[in-house]
Amino acid sequence: MLSLLHPLPLEAEGIPSPPQFTYPFCYRPHPLCQLAAKEVIEYCHHTPEMYPHEGKMFGVLVVAHKGKRYYLRAFSGIYNGSYHHEGFVPPVCDLQQGYFREEEQRIVDLTHQINDCSNEAEKAELKTLRKEKSQALQQWTFRQFRMLNANEEVADLLDIFKDAKSPFSEEDYINYKEGRQAEKPKPNYGIPPAGSGECCAPKLLQYAYLHGLKPICMEEFWVGPSQGNDMRIEGHFYPACQHKCFPILTFMLQGLKVEDNPLFARGQALLKQVHIVHEDDSMLVVYKPSGLLSVPSRNHGEVSLAEHLCSINPEIRLVHRLDQDTSGLLLAGKDIETCRRLQQQFVRHEVRKKYVAILETPLRPEQSCEGIISLPLSRNPFDSPRQVVNQRYGKPAITHYIYKGDRRIELYPQTGRTHQLRIHCAHPEGLGHPIKGDILYGTAADRLYLHAESIAFQHPATGEWVTFKKKEF
């Protein structure tokens, strides 16, 4: 055990431990974890077997042992071809040997037999056998991941996910997109997603519990280059994933004093910044601050602008929305007919919106100061809420931009895809310059510097064109 306990850097001596364990699904790295993460990244770049030829999520867990603080380090899944690397915690369940490998090889052999078989009846029997073996191996694997929590309770993955919704498989998603599967795949209930239990956070906590170590704080961060269109940045911290880790960590953190979701308290404070820019008999133009949800989310307890407006007048309905971290103007109707008329203008792309953003870095001299970005976007069903550029399956997304200098840029979306402006700025095939404070596609800051500054539309009651503006930065 002692060989996996790494002393914190000297700079950590004057940094107090947090009073409660850090909430793993929010973007607020503790200074102790930042120091440990920096050391891990340097170690990877200076150790041949750990050199990041491919990108991977890593994690650190600061623990207390016999009155002293140390940190544990881990990586998700397999790294550089192995589950095991010196100085990193082992997997919860080693799938590189024993029964799993033997059964996996039998399934591979069946696939070869199916490919070589010319008799359709025999091929059908082999496919049925392969499916049965795959399902049995999957169930066996889920039972081997016996997770611990701070109350010294044990639960395997099937127990943990029995009431949870899991995304459909990537194979089903691709088959549907490419037309080999007629029906759109549906989420699974009670079935853990592939790779559950192999992320760094569960590995770190499992090792700590097994060896009587007290968890203090934990964070995950990216090491190495991005993979495809995922746009991860080395050294940046990311929250634990929702679809695999949320049910697991919800169980594993039981018995620890964990801080509340910081977004809950922040939302209540942000409601004080909401104000009405315009109001008449049929509609409102409302200012939403950065950090406040437009509409309710699945995180119970987190407030939203829509709920706030409804508490003032139950008839008020938002007509559209902004990302939680984007500030700016939103339209709301006071009756169904007003909402319908405004929504039709959005559907017909008649509403004119202007956004202002501050980029992390200025555009390069060779880049055009004005242009059109066209990159099709789709959601990443396996890593919500992130979106990805997908030339094959993505929906059209078009943005007109005008660079004003000093990192300031005006953005005019011609379509309204989720995270469109953020990805069009950050992606290498777009501007290649993330918006300042973009926690998903760039670097965290005090806020996301993206603001819906003006909106123009036909008034739903008078038919006249009206424009409303609200400057932010």
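Residues numbered from 1 in each chain as written. Predicted model: local features only at pLDDT ≥ 70, side-chain atom pairs only at ≥ 80, totals over all residues. Heavy atoms only, no water.

Caption draft 1: Examining the overall build of the protein chain more closely. When its secondary structure is counted, the protein chain shows eleven helices and 21 strands. Since a compact globule built from 473 residues should have a radius of gyration of about 23 Å, the 25 Å found for the protein chain is in line with a globular shape. Viewed in the frame of its principal axes, the protein chain has a C-alpha envelope of about 75 × 70 × 50 Å. Side chains of the protein chain carry 55 positive and 57 negative charges; the gap between the two charge centres is 4 Å. (Helix = DSSP H or I, 4+ residues; strand = E, 2+ residues; numbered from the N terminus. Rg over C-alpha atoms; globule rule 2.2 N^0.38 Å. Lys, Arg positive; Asp, Glu negative; His and termini not counted. Charge placed at Lys NZ, Arg CZ, Asp CG, Glu CD.)

Caption draft 2: Local environment of the pattern of salt bridges. Inspection of every chain in the model, using the stated rule, returns 17 salt bridges. Where R101 meets E104, a salt bridge forms, and the shortest distance between an N and an O atom there is 2.4 Å. Of this pair, R101 and E104 both sit in helix 2 (residues 99-116), three residues apart, roughly one helical turn. Relative accessible area serves as the criterion here: at 28%, E104 is assigned to the partly exposed category. Put simply, K354, R408, E410 and E453 are held in one network by salt bridges that share partners. (Salt bridge = Lys/Arg side-chain N within 4 Å of Asp/Glu carboxyl O. Buried < 20%, exposed > 50% of the residue type's maximum accessible area, 1.4 Å probe, protein only.)

Caption draft 3: Summary view of the pairing of strand 19 (residues 408-413). Direction of pairing for strand 14 (residues 352-358) relative to strand 19: antiparallel, over a ladder of four bridges. Looking at the pairing, Y355 lines up with L411 of strand 19. Pairing geometry for strand 18 (residues 398-405) and strand 19, over six bridges, is antiparallel. Its bridge partner being in strand 19, I402 is matched across the sheet by E410. (Pairing = 2+ DSSP bridges.)

Caption draft 4: A look at the nonpolar core. Membership of the largest hydrophobic core comes to 50 residues, with the highest contact counts inside it found for L61, V63, L72, M147, L204, L205 and L249. The element that contributes the greatest number of residues to this core is helix 6 (residues 200-210), accounting for seven residues. Apart from the residues lying within four places of it in its own chain, the contact partners of L61 are F21, Y70, Y71, L72, L204, L205, A208, P215, C217 and M218. In terms of nonpolar packing, the next biggest core, distinct from the first, is built from 43 residues, L309, L322, L377 and Y401 among them. (Core = buried A, V, L, I, M, F, W, Y, C linked by side-chain atoms within 4.5 Å. Contact = heavy atoms within 4.5 Å.)

Caption draft 5: Structural detail: the state of the cysteines. Applying the stated criterion to the full structure yields zero disulfides. Sulfur of C310: no disulfide; nearest cysteine sulfur belongs to C339 and is 11 Å away. (Disulfide = S-S within 2.5 Å.)

Caption draft 6: Quick peek at the sheet that holds strand 3 (residues 68-75). Read across the sheet, five strands follow the order 1-3-2-8-9 without closing on themselves; strand pairing throughout is antiparallel. This sheet does not close on itself; its edge strands, each paired only once, are strand 1 (6-7) and strand 9 (237-238). In the packing of helix 1 (residues 31-46) onto the sheet, the strands contacted are strand 1, strand 2 (56-65), strand 3, strand 8 (214-223) and strand 9, and the crossing angle to strand 8 comes to about 45 degrees. (Axes fitted to C-alpha atoms, helices over the stretch in contact; angles between N-to-C directions.)

Caption draft 7: Quick look at the environment of V285. Here V285 lies in strand 11 (residues 283-288). Residues V285 and F468, spaced 183 residues apart in sequence, show a C-alpha to C-alpha distance of 7.9 Å. Filtering out sequence-adjacent residues up to four positions away, V285 remains in contact with H275, I276, V277, H278, L329, L330, L331 and F468.

Caption draft 8: Broad picture of the packing of helix 2 against helix 3 (residues 120-144). Put simply, helix 2 and helix 3 touch, their axes get as near as 10 Å, and they point 160 degrees apart. As far as their axial angle goes, helix 3 and helix 2 are roughly antiparallel. Judged by the twist between their axes, the crossing of helix 2 over helix 3 is left-handed. Residues Y99, F100, E103, E104, I107, L110, T111, Q113 and I114 of helix 2 form the contact with helix 3, whose participating residues are K123, L126, K127, L129, R130, K133, S134, L137, W140 and T141. Grouping the amino acids of the contact of helix 2 with helix 3 by side-chain chemistry returns nine nonpolar, four polar and six charged. (Parallel < 35°, antiparallel > 145°, perpendicular 65-115°, else oblique. Left-handed = near helix turned anticlockwise from the far one by under 90°. Nonpolar A, V, L, I, M, F, W, Y, C, P; charged D, E, K, R; others polar.)

Caption draft 9: Looking closely at the pairing of strand 18. The pairing of strand 15 (residues 370-374) with strand 18 spans five bridges and is classified as antiparallel. Along strand 18, the bridge assignment pairs E370 with I402. Adjacent in sequence and paired antiparallel, strand 18 and strand 19 are bridged by two residues, among which D406 carries a positive phi angle near 55 degrees.

Caption draft 10: Structural view of a positive patch on the surface. Taken together, the side chains of K165, K184, R379, K395 and R417 make up a positively charged region of the molecular surface. When you line up the elements, K184 lands in the loop between helix 5 (170-177) and strand 7 (188-189). The exposure class of K184 is exposed, given its relative accessible area of 55%. (Patch = residues over 30% accessible without salt bridge, like charges linked within 9 Å, V, L, I, M, F, W, Y side chains within 5 Å. Areas by Shrake-Rupley, 256 points an atom, 1.4 Å probe, with all protein chains shown as cover.)

Caption draft 11: A look at helix 8 (residues 262-270). Residues P262, L263, G267 and L270 constitute the buried set of helix 8. Across the axial projection of helix 8, the buried residues extend over an arc of 130 degrees, all falling on one side. (Arc of directions from axis to C-beta.)

Caption draft 12: Inspection of the environment of L32 at higher detail. Locating L32 in the fold gives a position in helix 1. By relative accessible area, L32 is classed as buried at 0%. Apart from the residues within four sequence positions on either side, L32 is in contact with L8, A12, I15, P16, S17, P18, V62, R69 and C217.

Caption draft 13: How the structure looks around the packing of helix 6 against helix 7 (residues 242-252). Interhelical geometry of helix 6 versus helix 7 gives an angle of 20 degrees and a closest axis separation of 10 Å. Judged by the inter-axis angle, helix 6 sits roughly parallel to helix 7. For helix 6 against helix 7, the interelement crossing comes out left-handed. When helix 6 is examined against helix 7, the residues A201, P202, L205, Q206 and Y209 are found in contact with a partner set consisting of C245, I248, L249 and M252. Of the residues assigned to the contact of helix 6 with helix 7, the class counts are eight nonpolar, one polar and no charged.

Caption draft 14: Representation of helix 3 within the structure. Its 25 residues give helix 3 an end-to-end C-alpha distance of 36 Å, which sits within 8% of 36 Å, the value for a rise of 1.5 Å per residue. Inspection of helix 3 places K123, L126, L137, T141 and F142 among the buried residues, and these make up the whole buried set. Of the surrounding elements, those touching the buried residues of helix 3 are helix 2, strand 5 (154-156) and helix 4 (157-160). Capping the start of helix 3 is the job of one residue whose side-chain oxygen sits 2.9 Å from the backbone nitrogen of A121: N119. (Expected span 1.5 Å × (residues − 1). Polar contact = N/O pair within 3.5 Å; in protein donor to acceptor, adjacent residues only side chain to side chain.)

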